[in-house]
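Residues per chain are reported as follows:
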Amino acid sequence: MHTIEVGSRLRGKTIKDVVKLSNGWYIAKTENSKSERDFKVRTIFQTTPRIRSLTPKHAHFVIDLYGKLCANCDKGKRVLQAIVEI
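Values in this document were obtained by computation on a predicted structure and should not be read as measured data. (Residues numbered from 1 in each chain as written. Predicted model: local features only at pLDDT ≥ 70, side-chain atom pairs only at ≥ 80, totals over all residues. Heavy atoms only, no water.)

A few points about the overall build of the chain
When helices and strands are counted, the chain shows 2 helices and 5 strands. Helices and strands appear in the chain in the N-to-C order β-β-β-β-β-α-α. Each of the 86 residues in the chain was classed as buried or not, and the buried ones make up 20%. Within the chain, counting contacts between residues at least 6 apart in sequence, those at least 24 apart form 18% of the total. Accessible surface for the chain amounts to roughly 6,600 Å². Of this, 54% is attributable to carbon and sulfur atoms. Both charge centroids of the chain, one from 17 positive and one from 8 negative side chains, sit 7 Å from each other. (Helix = DSSP H or I, 4+ residues; strand = E, 2+ residues; numbered from the N terminus. Buried < 20%, exposed > 50% of the residue type's maximum accessible area, 1.4 Å probe, protein only. Contact = heavy atoms within 4.5 Å. Areas by Shrake-Rupley, 256 points an atom, 1.4 Å probe, with all protein chains shown as cover. Lys, Arg positive; Asp, Glu negative; His and termini not counted. Charge placed at Lys NZ, Arg CZ, Asp CG, Glu CD.)

A few points about a nonpolar patch on the surface
On the surface, a nonpolar cluster with roughly 430 Å² of combined accessible area is contributed by Phe61, Val62, Leu80, Ile83 and Val84. For the nonpolar patch, the elements supplying multiple residues, two or more each, are helix 1 (58-71) and helix 2 (73-85). For the nonpolar patch, the leading source of residues is helix 2, giving 3 residues. Topologically, leucine 80 is positioned in helix 2. (Patch = residues over 30% accessible without salt bridge, like charges linked within 9 Å, V, L, I, M, F, W, Y side chains within 5 Å. Salt bridge = Lys/Arg side-chain N within 4 Å of Asp/Glu carboxyl O.)

In structure tokens:
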């Protein structure tokens, strides 16, 4: 199993922050190349035999959040608050 922790490397980039989710996945914030303050968010869904991750896209996030807000405003707001906390 690979270590997912602050300071370790993921695809050549240093992990700046990491949160383990209740389903065993991780949300990791890694450095990015545009500036010192730039970062990339990755969802890590597999750590063995090798790390597999995906990078959520802004448009997909907005469309999904909008759908959640339309379906149930209170639950949609809770999802947004959870994202802000992470």
